[in-house]
Amino acid sequence: MRGVLAALLVALGMKLFLFDFVIAEGTSMSPAIKPGTVLIINRLRYGFRLPGSRSYLLRWDNPVPGEVVVFYTPGETVAVKRCAALTGEGEFIALGDNGAQSFDSRSYGPVPADNIIGKVLGIR
């Protein structure tokens, strides 16, 4: 029983602090990411934050143009977009690969880097 409890605690800790999974919705990242695709997210790529927090306690990097990131939009929804450019101090331009179908920085402007949940590591 202790082994099962320990395994559950380790798995929960990994999900809260290291990795997460997101299922893509919509067509804004097509053809690279299709709706229903499971995305593996690296939560520690850009810094460390406590679960549920909207700002990093420690930040050690920013997204590089071309990286696909998961973040909170200014409207507080979770989005998956490609970093197109860094702007100013601590902001980035988020663009969907399918520009005609993407609600992205062309609509809501630059996104604070603190809104990033993590970098997409893998697609399943």
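Refer to the structure above for everything that follows.
Residues numbered from 1 in each chain as written. Predicted model: local features only at pLDDT ≥ 70, side-chain atom pairs only at ≥ 80, totals over all residues. Heavy atoms only, no water.

Novice: Please explain the layout of surface pockets as it appears in this structure.
Specialist: A water-sized probe rolled over the atoms picks out the places where empty space is left. Considering only enclosed or pocket space, the largest pocket measures out at about 320 Å³ in volume. For the lining of the largest pocket, the elements supplying multiple residues, two or more each, are strand E1 (19-23) and strand E6 (78-87). A per-element tally of the lining of the largest pocket places E6 first, with four residues. Grouping the amino acids of the lining of the largest pocket by side-chain chemistry returns nine nonpolar, five polar and two charged. Roughly 160 Å³ of volume is contained in the second largest pocket. Taken together, 14 residues make up the lining of the second largest pocket; nearest its centre are Arg 43, Gly 52, Ser 53, Tyr 72 and Ile 117. Contributing elements (two or more residues each) for the lining of the second largest pocket: helix H1 (2-17), E1 and strand E5 (68-72). Residue composition of the lining of the second largest pocket, grouped by class: seven nonpolar, two polar and five charged. (1 Å grid on protein atoms, 1.4 Å probe; cavity = no way out; pocket = protein on both sides within 12 Å on 5 of 7 lines; lining within 4 Å. Points joined across faces, edges and corners; volume = space filled by probe spheres on them. Helix = DSSP H or I, 4+ residues; strand = E, 2+ residues; numbered from the N terminus. Nonpolar A, V, L, I, M, F, W, Y, C, P; charged D, E, K, R; others polar.)

Novice: Explanation requested: the environment of Gly 47 in the structure shown.
Specialist: Topologically, Gly 47 is positioned in strand E3 (residues 47-48). For Gly 47, a relative accessible area of 0% puts it in the buried group. Remark: the alpha-carbon pair of Gly 47 and Met 29, spanning 18 residues in sequence, is separated by 25 Å. Not counting residues up to four positions away in its chain, the partners in contact with Gly 47 are Tyr 56, Leu 58, Arg 59 and Trp 60. (Buried < 20%, exposed > 50% of the residue type's maximum accessible area, 1.4 Å probe, protein only. Contact = heavy atoms within 4.5 Å.)

Novice: Even after reading the chapter, I still don't get the packing of aromatic side chains, so can you show me in this structure?
Specialist: The tally for this structure, following the rule as stated, stands at three aromatic pairs. Relative to Phe 92, the ring of Phe 71 lies with its centre 5.5 Å away and its plane at 90°, an arrangement referred to as edge-to-face. Pair noted here: Phe 71 is in strand E5 and Phe 92 is in strand E7 (residues 91-95), with a separation of 21 residues, a long-range link. Phe 71 gets classed as buried once you look at its relative accessible area, which sits at 0%. Relative to Tyr 108, the ring of Phe 103 has its centre 5.1 Å away and its plane inclined at 70°; by these criteria the two rings are edge-to-face. Residue classification places Tyr 108 among the buried positions, given a relative accessible area of 18%. Positioned above the aromatic ring of Tyr 56 is the side chain of Arg 49, whose terminal nitrogen or guanidinium carbon lies 4.3 Å from the ring centre. (Phe/Tyr/Trp six-rings, centres within 6.5 Å; stacked < 30°, edge-to-face > 60°. Lys NZ or Arg CZ within 6 Å of the ring centre and 35° of its normal.)

Shape descriptors only; they carry no functional weight alone.
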